[in-house]
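Residue strings, one per chain:
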Amino acid sequence: MDAWAKDQKVDGSMLSFYGDSASLLTKEIGMELTDSRVMAALGNPRCKRHAIIVDDMEVKEVFVAAAEDDPAGDGKPES
């Protein structure tokens, strides 16, 4: 995660990056990407492309980049 933060030029900023290698949080918050089209290409569930804005331990907004014709959110990741 440190390398990703450096690549995105946000290391040392107020942003925090966390890994979820066992998908525990991903499943708990309903962000598991299990679409059959994605599974056929990748072979196992992944995390939906999303951003969660948290302020003082309170979730303020959730953004998910996905559509019926683009379950992985590749076509419009800024959504």
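Residues numbered from 1 in each chain as written. Predicted model: local features only at pLDDT ≥ 70, side-chain atom pairs only at ≥ 80, totals over all residues. Heavy atoms only, no water.

Student: Before we go on, may I ask you to explain the pairing of strand β4 (residues 58-64) in this structure?
Tutor: Regular strands place side chains that alternate from one sheet face to the opposite one. Relative to β4, strand β3 (residues 50-55) runs antiparallel, the two being bridged by six bridges. Among the inter-strand pairings, His 50 is bridged to a residue of β4, identified as Val 64. Count of turn residues in the β3/β4 antiparallel hairpin: two residues, of which Asp 56 carries a positive phi of about 55 degrees. (Pairing = 2+ DSSP bridges. Helix = DSSP H or I, 4+ residues; strand = E, 2+ residues; numbered from the N terminus.)

Student: Help me understand the pattern of salt bridges, please; the structure alone is not making it clear to me.
Tutor: Pairing between side chains becomes possible if they bear opposite charge and their charged atoms approach one another. This structure, assessed with the given rule, holds two salt bridges. A salt bridge links Asp 35 to Arg 37; the nearest nitrogen and oxygen atoms lie 2.9 Å apart. (Salt bridge = Lys/Arg side-chain N within 4 Å of Asp/Glu carboxyl O.)

Student: Explanation requested: unusual backbone geometry in the structure shown.
Tutor: A negative phi angle is the norm for most residues apart from glycine, just as the trans form is the norm for most peptide bonds. Its identity as a non-glycine residue notwithstanding, Ser 23 has a phi of 60 degrees, on the positive side. The residue Ser 23 is located in the loop between α1 (2-7) and α2 (24-28) in this model. Within the chain, Met 57 stands out as a residue other than glycine whose phi angle is a positive 70 degrees. With respect to the helices and strands, the residue Met 57 is situated in the loop between β3 and β4.

Student: Before we go on, may I ask you to explain the packing of aromatic side chains in this structure?
Tutor: Both the distance between ring centres and the angle between the ring planes are used here to describe each pair of aromatic rings. All chains considered together, the criterion is met by one aromatic pair. Ring geometry for Trp 4 against Phe 17: centres 5.1 Å apart, planes inclined by 65 degrees, an arrangement best described as edge-to-face. With Trp 4 in helix α1 and Phe 17 in the loop between α1 and α2, the pair connects residues that are 13 residues apart, well separated along the chain. Exposure remark for Trp 4: the relative accessible area of 48% places this residue in the partly exposed category. (Phe/Tyr/Trp six-rings, centres within 6.5 Å; stacked < 30°, edge-to-face > 60°. Buried < 20%, exposed > 50% of the residue type's maximum accessible area, 1.4 Å probe, protein only.)

Student: Looking at this structure, how should I read a nonpolar patch on the surface?
Tutor: There is a patch of nonpolar side chains on the surface, built from Leu 25, Ile 29, Ile 52, Val 54, Val 59, Val 62 and Val 64 and spanning about 550 Å² of accessible area. Looking at the nonpolar patch, the elements that each hand over two or more residues are β3 and β4. The element best represented in the nonpolar patch is β4, accounting for three residues. In this fold, Val 54 is placed in strand β3. (Patch = residues over 30% accessible without salt bridge, like charges linked within 9 Å, V, L, I, M, F, W, Y side chains within 5 Å. Areas by Shrake-Rupley, 256 points an atom, 1.4 Å probe, with all protein chains shown as cover.)

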